[in-house]
Amino acid sequence: MTDQANKLREKITSRAESHRERKTKVIAVTSGKGGVGKSNICLNLALSMEALDKKVMILDLDIGMANVDVLMGVTPKETLVSMLKERLSLEDVLETGVKGLTFIAGGNGIGTVFSMTDDQLHHFFNEFSSLQGKVDYIILDTGAGLTPESMRFLQSADDIFIVLNPEPPSITDAYAVLKALHTKNANLPVKLIVNRTINDQEGEQASANFLRASEQLLNKPIEVLGYIPDDDAVRKAVMNQTPFLLQYPRSKASEAINQIARAYLELPTQYKLGVKGFLMKTLFHK
C-alpha cells in the first residue's frame, strides 16, 4: 500500500510539474566585431542547455550575417521579416533544426521591426507573447557592434553575453559595446565568453584585460562564463554544417561549451518581465 501511495504521489507531482509554466528568460549574445564565432557559440550553447533538460529557442537577429541555419545545414522557409510583411503566425516561422532545436531566422531588413504599423505591432506582440512559458530560454544572436537595432535588443534582455577573441582589437571593440550599453543603463547584467584561445592562460589574460577596463573605467563587475579553445573540430564541423557539439562531442571545444552551459545554469536566476516585458522594452524603449 505504501509503495502504491508513493508511486501515485510521484505521478501527481510529475504531472503538476509538467503543467507548471516555465519562466522564460531572454539572453542576448553580441560581440564587438564580426567573425569571433558568436553564432557558433549561440547554436552549440543552446544544444548544450537542451541536453541539460532546458527548452531553448534561438532567434537569429544578426542582420546581413545571419547564419545559425547555415551552421545546421537547414534552409528556413520563412523569416521574422516575412512574418511581419505577410502577417504569418509564429508557428509559420518557427523552424526545427538539429536535435529538434527550434529557431527563427531574422531575414533581411530586420530594422522593419522598429517601423511597424499599429496593426503589425499588435500582431507581432501577440504572436511572440505566446512564447512565454513554452521555452526556458530564448537566445538572441544579435548583430556585432553598435547598430541601433542590436542596442535595442541588448538593453531589453535578461542577460547579455559578450563574445570576444584574445586579440587586442577584439577586446577593444567588445569594450566599446560594453561602454555604450553601460552609458544607457549601468545595471545591465553582462557576462563574458572568450573564444578561440590557445589555452586557458590566454583566456584568463584576455578576460583579465577586459575586466580591468570595465572595473577601472566603468566600475562595472563582469561575470566570466569561460573560455573556448581554438579547436580544429570546430572548423571541420562548420564545413560539414553540423554543430561541433554533435559531431565531435568529446572535443575540447565541446567540453568547454558544456562547462559554460553548466556554469551559467548554476548561477542564481533573475528574471525581468518575461517575454512580454522584453517585447515592451524592445519595441517602445528609446
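Shown above is the structure to which this text applies.
Everything quoted here is computed from the prediction, not taken from an experiment.

Okay, the pattern of salt bridges next. Summed over the entire model, instances satisfying the criterion amount to seven salt bridges. A salt bridge links Lys191 to Asp159; its shortest N-O distance comes to 2.8 Å. Separated by 32 residues along the polypeptide, Lys191 in strand 7 (residues 190-197) and Asp159 in strand 6 (residues 159-164) bring together distant segments of the chain. Pair check on accessibility: Lys191 and Asp159 agree, each one buried. Ionic contacts of the salt-bridge type, sharing partners, join the residues Lys25, Asp159 and Lys191 into one network.

A large share of strand 2 (residues 56-61) lies buried, amounting to six of its six residues. Where burial is concerned, the two faces of strand 2 agree: the one with Val56, Ile58 and Asp60 and the one with Met57, Leu59 and Leu61 are both buried. Direction of pairing for strand 2 relative to strand 5 (residues 137-142): parallel, over a ladder of six bridges. Across the sheet, Leu59 pairs through a bridge with Leu140, a residue of strand 5.

Take the sheet that holds strand 2 next. The mixed open sheet is built from eight strands, whose spatial order is 3-4-2-5-1-6-7-8. Because the sheet does not close on itself, it has two edges, and the strands there are strand 3 (95-96) and strand 8 (223-229). Here strand 3 runs beside strand 4 (residues 102-105); their pairing, made up of two bridges, is antiparallel. Paired with Glu95 across the strands is Phe103, a residue of strand 4. Contacting strand 6, strand 7 and strand 8, helix 9 (residues 200-218) runs over the sheet at an angle of about 140 degrees to strand 7. Its contacts with the sheet place helix 12 (residues 252-265) against strand 1 (25-31), strand 5, strand 6, strand 7 and strand 8, and it is angled at close to 165 degrees to strand 8.

Reading the values: rules and limits
- Residue positions within a chain follow its written sequence, with the count starting from 1.
- Per-residue local features of the predicted model are confined to residues with pLDDT of at least 70, and side-chain atom pairs are confined, for both listing and counting, to 80 or more; whole-chain, interface and lining totals are unaffected and use all residues.
- Working from all heavy atoms in the structure, the side-chain values ignore hydrogens and water.
- Salt bridge, as used here, is a side-chain nitrogen of Lys or Arg placed within 4 Å of a carboxyl oxygen of Asp or Glu.
- To qualify as a helix, a DSSP run of H or I must reach at least 4 residues; to qualify as a strand, a run of E must reach at least 2; elements of each kind are numbered from the N terminus.
- The buried label goes to any residue with under 20% of its type's maximum accessible area, the exposed label to any with over 50%, and the partly exposed label to all in between, with areas taken from a 1.4 Å probe on protein chains only.
- By definition, two strands form a pair when at least two bridges between them are found by DSSP.
- Any two residues whose heavy atoms approach within 4.5 Å at even a single point are treated as in contact.
- Note on method: axes are straight lines fitted to C-alpha atoms, helices fitted across the in-contact stretch only, with angles between N-to-C directions ranging 0 to 180 degrees.

Purely geometric numbers; function is a separate question.
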